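Topology and contacts: notes
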Amino acid sequence: MKQATMKRIPNKIESVVIRRLIDESPDTSWLGEYSNRPTSEYSIDRAHSLDCASVALNADKAQTTLENARGTVAELQALEPSSDTLEWQALEDAYYLLDGLVDEVKECDCGERGDMERGEYRYFNPSFNYVSSTGKIQDGLTPEDVRKYTLQDYERTERLNRGDWCFLGIRAEAEISIPSVSAPHISTLQTIHSGGLCGIESDSDKAHFAETEANELAELREQLYALGFSKRAIAIAFKPENIRHKDN
Ligand SMILES: [Zn+2]
């Protein structure tokens, strides 16, 4: 049994790498979703610019106010004893002026120059964090909140689609060499890696990246320790100057 008496060459940590990967298919549904159909009045109509009168926040209110004013004018006019008076004519003019404004106040004034490109979805629907599937606002939120947050998420999603930012995954990897028991001069390289964290926004602050990297490195250290590497071997391999950073 010659082999059994041979001194086995120990496994070795060859390198430690922190790898950043681009998350190609992130779940962005929590930011909201594009669709052919609006799910509620809080959906963003991408056919129009965000400041178009047809989608303006106060357009509905303004229209209601004008309709009420038009109704009041009609009531006052009905009280006039005759249609030959100056008052009657003044109310008649006011009525038609208001009647014109009722339609105009919600008319598109952007020339339908929204973000929607040919073949794209027309609507951006709010996140389920703000509006339920039945179109109800989630508890604790006001309509103003929902509009504000949906707009923020919409603009962020548009920037994501333009490539201004992306989602990243981070994990720590160690390459270890395992010498063959029967032929010690031949080693097999294996990569051990931490679980990794996905869904990190690429424009997150440095502290968030540093914390994530530290967590991934700590997890990798534990795995290597569990595999039988000595604390000393691990400490050397994990010295900051020995850790490399790689993208993809
Ligand atoms: Zn418009």
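Quick look at the structure, then. Predicted model only: the values in this text are computed from it and were never measured.

Focus on the pattern of salt bridges
For the structure shown, the criterion picks out 13 salt bridges. A salt bridge links K12 to E14, with the shortest nitrogen-to-oxygen separation between them at 3.9 Å. Given a relative accessible area of 38%, E14 falls into the partly exposed group. The salt bridge involving D99 is made with R70; its shortest N-O contact spans 2.6 Å. Separated by 29 residues along the polypeptide, D99 in helix α3 (residues 86–104) and R70 in helix α2 (residues 59–79) bring together distant segments of the chain. What makes D99 partly exposed here is its relative accessible area of 27%. The network of salt bridges with common partners includes R19, R171 and E173.

What about the packing of aromatic side chains?
Taken as a whole, this structure holds 6 aromatic pairs when the rule is applied. Judged by centre distance (6.3 Å) and plane angle (75°), the ring pair of W30 and F167 falls under edge-to-face. Of this pair, W30 sits in the loop between β1 (12–22) and β2 (33–35) while F167 is found in strand β5 (residues 167–179), placing the two residues 137 residues apart along the sequence. The class for F167 is buried, based on a relative accessible area of 2%. Directly above the aromatic system of F209 lies the positively charged group of R20, at a separation of 4.2 Å from the ring centroid. Here the basic side chain of R156 rests over the ring of W165, its NZ or CZ set 3.7 Å away from the ring centre.

Observations regarding the side chain of S49
Inspection of the secondary structure puts S49 in the loop between β3 (44–45) and α2. Only 2.9 Å separates the side chain of S49 from the side chain of D51, close enough to count as a polar contact. In this structure, S49 is in contact with V55, C110, R113 and G114, ignoring residues within four places of it in sequence.

Description of the coordination of the zinc ion
Surrounding the zinc ion are the protein donor atoms H48 (ND1), C52 (SG), C108 (SG) and C110 (SG), at 2.1 to 2.4 Å. For the zinc ion, the 4 donor atoms in the first shell make angles of 101 to 115° at the metal, a pattern classed as tetrahedral. Within one chain, the residues serving as donors to the zinc ion are arranged as H-x3-C-x55-C-x1-C. Separated by 60 residues along the polypeptide, H48 in the loop between β3 and α2 and C108 in the loop between α3 and β4 (123–125) bring together distant segments of the chain. The class for H48 is buried, based on a relative accessible area of 9%.

Considerations on the side chain of T150
Secondary-structure assignment places T150 in helix α4 (residues 143–162). The exposure class of T150 is buried, given its relative accessible area of 2%. In contact with T150, not counting residues within four places along its chain, are Y42, I44, F124, P126 and Y130.

Re the sheet that holds β3
Pairing in this open sheet of 3 strands is antiparallel, and the strands run β2-β4-β3 from one edge to the other. One side of each edge strand has no neighbouring strand; the edge strands of this open sheet are β2 and β3. Taken together, the 2 bridges between β3 and β4 define a ladder with antiparallel strand orientation. Opposite I44, over in β4, you have F124 as the bridge partner.

Calculation criteria
For every chain, the first residue of the written sequence is number 1, and numbering continues from 1 onward in sequence order. With pLDDT at 70 or above as the cut-off, local features in this predicted model cover only qualifying residues; side-chain atom pairs require 80 or more to be listed or tallied, and sums for whole chains, interfaces and linings still use all residues. To obtain the side-chain values, all non-hydrogen atoms of the structure were used and water was disregarded. The salt bridge criterion pairs a side-chain nitrogen of Lys or Arg with a carboxyl oxygen of Asp or Glu, the two atoms within 4 Å. Accessibility here uses a 1.4 Å probe with only protein chains present; expressed as a share of the type maximum, an area under 20% marks a residue as buried, one over 50% as exposed, and anything in between as partly exposed. Going along the chain from the N terminus, every DSSP run of H or I of four or more residues is numbered as a helix, and every run of E of two or more is numbered as a strand. Aromatic rings from Phe, Tyr and Trp, taking only the six-membered ring of Trp, are treated as a pair when their centres fall within 6.5 Å; an angle between ring planes under 30 degrees marks them as stacked, one over 60 as edge-to-face, and anything in between as tilted. We count a charge as sitting over a ring when the NZ of a lysine or the CZ of an arginine lies within 6 Å of the ring centre and within 35 degrees of the ring normal. Pairing of N or O atoms within 3.5 Å defines a polar contact, subject to two protein rules: one partner must be a possible hydrogen donor and the other a possible acceptor, and residues neighboring in sequence count only if both atoms are side-chain atoms. In this description, contact between two residues means that some pair of their heavy atoms is separated by no more than 4.5 Å. The rule for donors is simple: an N, O or S atom within 2.8 Å of the metal counts, and for Na, K and Ca the reach is 3.2 Å. Water is not among the atoms, so a site may look short of donors. Any coordination sphere not matching a tetrahedral pattern (four donors, all angles between 85 and 135 degrees) or a square planar or octahedral pattern (four or six donors, opposite donors over 155 degrees apart, other angles between 65 and 115) is reported as irregular. Should DSSP find at least two bridges between two strands, the strands are regarded as paired.

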